[in-house]
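Residue-level listing of the chains:
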Amino acid sequence: MLTVPNPRHGRIWDGCRVGLLGGSFNPAHDGHRHISVEAMKRLGLDAVWWLVSPQNPLKPVNGMAPFAERIESARQAARHPRIVATGIEAELGTRFTADTLKALVARFPKTQFVWLMGADNLAQIRHWQRWTKIFETVPVAVYDRPSYSLRALSGLAAQRFVRARIDQDHARSLAGMKTPAWVFFLAKRHPASATALRAARSLRQGPSPSRR
Ligand SMILES: Nc1ncnc2c1ncn2[C@@H]1O[C@H](COP(=O)(O)OP(=O)(O)OP(=O)(O)O)[C@@H](O)[C@H]1O
Ligand SMILES: O=C(O)c1ccc[n+]([C@@H]2O[C@H](COP(=O)([O-])O)[C@@H](O)[C@H]2O)c1
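Now for a quick tour of the structure. Everything numeric in this text was worked out from a predicted model, so none of it was measured.

Within the chain, the regular secondary structure consists of nine helices and seven strands. Expected size for 212 residues packed as a compact globule is a radius of gyration near 17 Å; at 17 Å, the chain falls within 12% of this value. For the C-alpha atoms alone, the extent of the chain along its principal axes is close to 55 × 45 × 30 Å. For the chain, buried positions account for 36% of its 212 residues.

Printed below as a string of structure tokens:
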């Protein structure tokens, strides 16, 4: 079921630029695909791996669809030959992004990784375990999201690494740059969110039997 790209199967990832989009994918949607396709274009990436998180340490277990269901949702939403839906964290046994990145960089020493995330996560990354290590391990590309721009850019992480931010017009050189280095893409925001999809689904289904 898991699809960790394996370095022993030929060194096909050596010298490649790979974007890492970690997420709950509860469910996956067009916003994930949108930023992945944009990242391939703007950062000159060869591929984007979606890291379906077994359980976001900051999100409630209640309401989180089973891992296998979320992987399947990611596979269906990817619809692109260079977007790979994976369960890498389940195989590595990692839960925190800092640990996942450390393990991936050790496994794929010749691959240039870039961590991808939406502006909502830049705004709250200060609550993640050893979050500054993330910026020190790989370059980071952040995608703006409706209503998050200001909070993200005035937040602790943006302020702490203000001198490491590069202009979005120079994004093509981000992969492989000395860390910390990050970019904030202001253009082409995509409105999709998993929260909205779950709300729409529960409206369609009506109240649960216990609440009728
Ligand atoms: N429309 C979007 N624009 C930019 N980034 C996005 C968008 N949707 C998701 N992302 C980013 O993709 C990653 C995974 O997102 P996730 O699977 O949590 O989806 P979500 O829509 O944010 O879910 P939820 O609403 O349940 O929090 C996160 O870094 C998130 O910021
Ligand atoms: O490392 C942490 O402490 C941490 C805390 C919250 C979220 N994350 C990661 O952030 C990514 C986005 O999560 P989510 O649920 O917003 O899609 C996903 O890879 C999570 O594992 C990581």
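What follows is about the pairing of strand β1 (residues 17-23). The buried count for β1 comes to seven of seven residues, which makes it a mostly enclosed element. One ladder, built from five bridges, connects β1 with strand β4 (residues 112-118); its direction is parallel. The residue bridging Leu20 from the neighbouring strand is Trp115, located in β4. With six bridges connecting them, β1 and strand β2 (residues 47-52) associate as parallel partners.

Once that is clear, we can look at helix α4 (residues 97-107). Buried residues of α4: Thr97, Thr100, Leu101 and Leu104, and no others. Buried residues of α4, seen end-on, are gathered within an arc of 95° and therefore sit on one face of the element. Structurally, α4 contributes buried residues whose contacts are with β1, β2, α3 (88-92), β4 and α6 (131-137).

For the rest of this paragraph, the subject is the site of ligand 1. In the vicinity of ligand 1, 19 residues are found, and the nearest of them are Gly23, Gly31, Gly118, Ala194 and Thr195. Contributions of two or more residues to the shell around ligand 1 are made by β1, α1 (30-43), β4, α5 (119-124) and α9 (194-205). Counting residues per element, the shell around ligand 1 draws most heavily on α1, at three residues. Residue composition of the shell around ligand 1, grouped by class: seven nonpolar, 10 polar and two charged.

Moving on: the site of ligand 2. As a structural note, the neighbourhood of ligand 2 is formed by 15 residues, with Gly22, Gly23, Ser24, Phe96 and Trp128 the closest of them. Of all elements in the fold, only β1 and α4 reach the threshold of two or more residues within the shell around ligand 2. Broken down by class, the residue content of the shell around ligand 2 amounts to six nonpolar, eight polar and one charged.

So, about the sheet that holds β1. Pairing is parallel in the open sheet, where seven strands are placed in the order β3-β2-β1-β4-β5-β7-β6. A strand with exactly one partner marks an edge of an open sheet, and here the two such strands are β3 (83-86) and β6 (165-166). With four bridges connecting them, β4 and strand β5 (residues 140-143) associate as parallel partners. Residue Gly118 lies in a different strand from β5, and its bridge partner there is Tyr143. Here α1 sits on the sheet in contact with β1, β2, β3, β4, β5 and β7 (182-185), set at roughly 160° to β1.

Analysis parameters
- Residues numbered from 1 in each chain as written.
- Chains lettered and ligands numbered in written order.
- Predicted model: local features only at pLDDT ≥ 70, side-chain atom pairs only at ≥ 80, totals over all residues.
- Helix = DSSP H or I, 4+ residues; strand = E, 2+ residues; numbered from the N terminus.
- Rg over C-alpha atoms; globule rule 2.2 N^0.38 Å.
- Buried ≥ 20, exposed ≤ 12 C-beta atoms within 10 Å, placed from the backbone.
- Pairing = 2+ DSSP bridges.
- Arc of directions from axis to C-beta.
- Contact = placed C-beta atoms within 7 Å.
- Near = placed C-beta within 6 Å.
- Nonpolar A, V, L, I, M, F, W, Y, C, P; charged D, E, K, R; others polar.
- Axes fitted to C-alpha atoms, helices over the stretch in contact; angles between N-to-C directions.

Purely geometric numbers; function is a separate question.
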